[in-house]
Every structure is written in C-alpha cells, then in structure tokens.
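Listed below, chain by chain, are the residues.
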Amino acid sequence: MPARTGVAAPADLAIAKTMSAREVAPGASITATIVVLNRGEGSVAGITVDERLDPEQLRVLDAADARIVASGLQWTIDELPPGGRFVRRYRAEVLSQVPAGTQVATTAVLSSDALRDVPTTKRSATAVVAVVALMPKTGADLRVVTLGVELLGGFALAFALCR
C-alpha cells in the first residue's frame, strides 16, 4: 500500500488518573496524579488538560503550575512528542462538611484540535475517593466503639455496685 502524504497521523493520546487514597475522612487531604501519554507517531500540539472538580466537595491546596478556573484546574501542553509524557500532581482537601458515604469524583478531560473527532470517553479519566466516617484501627466506626466502651463501663459499674 503506498504511503499517504500530506495527511497527519491521527492523535493517539492516553490519559490516566489516580488518587493517593481510595477512602478518606472529611477534612483529609488527597493527592491526584494525571498522566497523559502520546502513543501516536506524531507530535500533538495545543493540548488542554481540564481537571474538573466540585468546589462544594474539594478545596485545592496546591495547584502546582495549573491555572485555577471555574471548573477546577487547567494545564496547557504546548507540544507532546511521540512517546512523550505529561505528569502533574495536585493536592486537595475533602471539605469537612462532606458527609460519610459520599463518592467524590474528579475528571480530567483532554481537548485539542487534533482530538476533535475523538470521543470524550477516550480522552478523559475519572478518579473517585469515598468519604468515610472516622475509623480506628479495628475497622469499626468510632461512634460504635465509643458506645460499646460506654456500655461495658456501665455494666462494670453496675456489677461492682451489686457486689
């Protein structure tokens, strides 16, 4: 098959996202890592990484070199060569009013003229952290442990008074 000339190879970017923890208590901080990899044969220019987060659930503590925008954070990749990687980390706090049981999700979305025809599902990554009640090392909810200790203390006191 003859080589095509004058036609750019389609962009082949991969995006991955991780959080430093799967579960956190309200008020805890987390670190998110975003990795963009160019798996294609050509450079991709003018890529925007848009990290979307809910300001009612998260407060950014350290944005690294990101621009803070209404939707969250944003980075611009001027050019990503074949095999090139773009890695950014930021720290955020799960706000203390976020109730236990809440799933806090953040989504990173890539945009570029070269990605115009790529579905959003192939140019975005979501990471979720679950908000849990404070738990001691036993794994039981702290309120349950406290109640159990109070009940045992009450039974011990009643037993001692009966003797």
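No experiment lies behind these values; they were computed from the predicted model shown.

(A) Structural detail: the environment of Gly42. Along the chain, Gly42 turns up in the loop between β3 (29-38) and β4 (44-52). For Gly42, a relative accessible area of 31% puts it in the partly exposed group. The sequence separation of Gly42 and Ala11 amounts to 31 residues, and the corresponding C-alpha distance is 7.4 Å. Look past the residues within four positions of Gly42 in its chain and what remains in contact with it is Leu80 and Pro82.

(B) Representation of the packing of aromatic side chains within the structure. The full count for this structure, using the stated rule, is one aromatic pair. An angle of 40 degrees between the planes, with centres 6.4 Å apart, marks the rings of Trp75 and Tyr90 as tilted. Remark: Tyr90 occurs in strand β8 (residues 85-94) and Trp75 occurs in strand β7 (residues 72-80); sequence separation between them is 15 residues. Note on accessibility: Trp75 and Tyr90 belong to one class, buried.

(C) Region of the structure containing the sheet that holds β3. Strand order in this open sheet of four strands is β1-β3-β8-β5, and the pairing throughout is antiparallel. Both outer strands of the open sheet, β1 (13-19) and β5 (58-62), are each paired with one neighbouring strand and no more. Here the strands of the sheet are splayed against their neighbours by 30 degrees on average, with no regard to which way each runs. Note that β1 and β3 share seven bridges and pair antiparallel. Bridge assignment links Ile15 to a residue of β3, and that residue is Val36.

Rules used in this analysis
- Residues numbered from 1 in each chain as written.
- Predicted model: local features only at pLDDT ≥ 70, side-chain atom pairs only at ≥ 80, totals over all residues.
- Heavy atoms only, no water.
- Helix = DSSP H or I, 4+ residues; strand = E, 2+ residues; numbered from the N terminus.
- Buried < 20%, exposed > 50% of the residue type's maximum accessible area, 1.4 Å probe, protein only.
- Contact = heavy atoms within 4.5 Å.
- Phe/Tyr/Trp six-rings, centres within 6.5 Å; stacked < 30°, edge-to-face > 60°.
- Pairing = 2+ DSSP bridges.
- Axes fitted to C-alpha atoms, helices over the stretch in contact; angles between N-to-C directions.

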